[in-house]
Amino acid sequence: AICVPLSARFAYNSSFHPRILGGNPICWYSIGVMASLQVAITYIPGLNEVVFGMAPMDAFQWGIVILFMGVTFVVMEAEKTIRRYLSSLGEDTDDTQMNETFDRVVEPTHHM
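For every chain, the first residue of its written sequence is number 1, and the numbers climb from 1 along that sequence. Local features in this predicted model are restricted to residues of pLDDT 70 or higher, and side-chain atom pairs are both shown and tallied only at a pLDDT of 80 or more, whereas totals for entire chains, interfaces and linings draw on every residue. Computation of side-chain values covers all heavy atoms of the structure but excludes hydrogens and water.

## Brief notes about helix α2 (residues 25-43)
Helical segments are the DSSP runs of H or I of at least four residues, strand segments are the runs of E of at least two, and each set is numbered from the N terminus. By this rule the span expected of a helix is its residue count minus one, scaled by 1.5 Å. Compared with the 27 Å implied by 1.5 Å per residue over 19 residues, the 27 Å span of α2 between its first and last C-alpha is a close match. In this structure, the buried side of α2 is in contact with α1 (3-8), α3 (47-51) and α4 (59-88). In what follows, a contact means two residues having at least one pair of non-hydrogen atoms within 4.5 Å.

## Focus on α4
If you check α4, its first and last C-alpha atoms are 44 Å apart, about what 30 residues at 1.5 Å a residue would give, namely 44 Å. Under the scheme applied here, a residue whose accessible area is under 20% of the maximum for its type counts as buried, over 50% as exposed, and between as partly exposed, the area being computed with a 1.4 Å probe on protein chains only. By the burial criterion, the buried members of α4 are Phe 73, Glu 77 and Lys 80. Polar contacts, as used here, are pairs of N or O atoms within 3.5 Å; protein pairs need one atom able to donate a hydrogen and one able to accept it. Residues neighboring in sequence count only if both atoms are side-chain atoms. With a side-chain oxygen positioned 3.2 Å from the backbone nitrogen of Phe 60, the residue opening α4 is Asp 58. Gly 90, located one to two residues past α4, shows a positive phi value of around 90 degrees.

## Focus on the side chain of Asn 48
Along the chain, the position of Asn 48 falls in helix α3. Given the relative accessible area of 2%, Asn 48 is considered buried. Residues in contact with Asn 48, not counting those within four places in the same chain, are Ile 41, Thr 42, Tyr 43, Gly 53, Met 54, Ala 55 and Pro 56.

## Section: the environment of Pro 56
Secondary-structure assignment places Pro 56 in the loop between α3 and α4. With relative accessibility at 42%, the residue Pro 56 sits in the partly exposed group. Between the alpha carbons of Pro 56 and Ile 44 there is a distance of 8.6 Å; along the sequence they are twelve residues apart. Every residue in contact with Pro 56, bar those within four places of it in the chain, is listed here: Thr 42, Tyr 43, Asn 48 and Gln 61.

## A few points about a nonpolar patch on the surface
The patches described consist of residues with a relative accessible area above 30% and no salt bridge, like charges being joined within 9 Å and nonpolar side chains (Val, Leu, Ile, Met, Phe, Trp, Tyr) within 5 Å. Note on areas: these come from Shrake-Rupley sampling with a 1.4 Å probe, and a residue is covered only by the protein chains present in the view. Throughout this description, the term salt bridge denotes a Lys or Arg side-chain nitrogen within 4 Å of a carboxyl oxygen of Asp or Glu. The grouping of Phe 60, Ile 64, Leu 67, Phe 68, Val 71 and Val 75 at the surface amounts to a nonpolar patch, some 590 Å² of accessible area in total. Within the element layout of this structure, Ile 64 appears in helix α4.

## Considerations on the pattern of salt bridges
Side chains carrying opposite charge are able to pair once their charged atoms draw close together. Summed over the entire model, instances satisfying the criterion amount to one salt bridge. Notably, a salt bridge pairs Glu 77 with Lys 80, separated by 2.8 Å at the nearest N-O pair. Taken together, the residues Glu 77 and Lys 80, both in helix α4 and three residues apart, mark about one turn of the helix.

## With respect to the nonpolar core
Buried Ala, Val, Leu, Ile, Met, Phe, Trp, Tyr and Cys residues that are joined via side-chain atoms within 4.5 Å together make up what is termed a nonpolar core. By size, the foremost hydrophobic cluster in this structure holds seven residues: Cys 3, Leu 6, Phe 10, Ile 20, Cys 27, Ile 31 and Phe 73. At the level of elements, α1 and α2 are the ones that each hand at least two residues to this core. Setting aside residues no more than four positions away along its own chain, Leu 6 makes contact with Ser 15, Ile 20, Cys 27, Trp 28, Ile 31 and Phe 73.

## Here we look at the side chain of Thr 42
As for its placement among the helices and strands, Thr 42 is situated in helix α2. When near neighbours in sequence (up to four residues on either side) are disregarded, Thr 42 contacts Asn 48, Met 54, Ala 55, Pro 56, Met 57 and Trp 62.

Such coordinate-based values are descriptive only and should not be taken to indicate function.
If you want it as structure tokens, here you go:
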């Protein structure tokens, strides 16, 4: 969840830029809260075992978490790159126009 606020700060512009480090201090507070809660859920006895049914993670498991956090960030950035490209071709990447393929209203059928 930590990579989501970093990538989502810019709807179209890439977050692979130094500007990601500044601008909105609330973003960094939210990342701190998320990281603190994850560590608390993982390591507070009783909370991790009884409430969430999990055990503390070792370094390898944290490595997997960090790896997939990076993968998620890259995928979100790839989506923005594709949206920028399609937008440059005149495509509706903001879903503001009606499209029969995706926006068709299907009337419910009533069976008796």
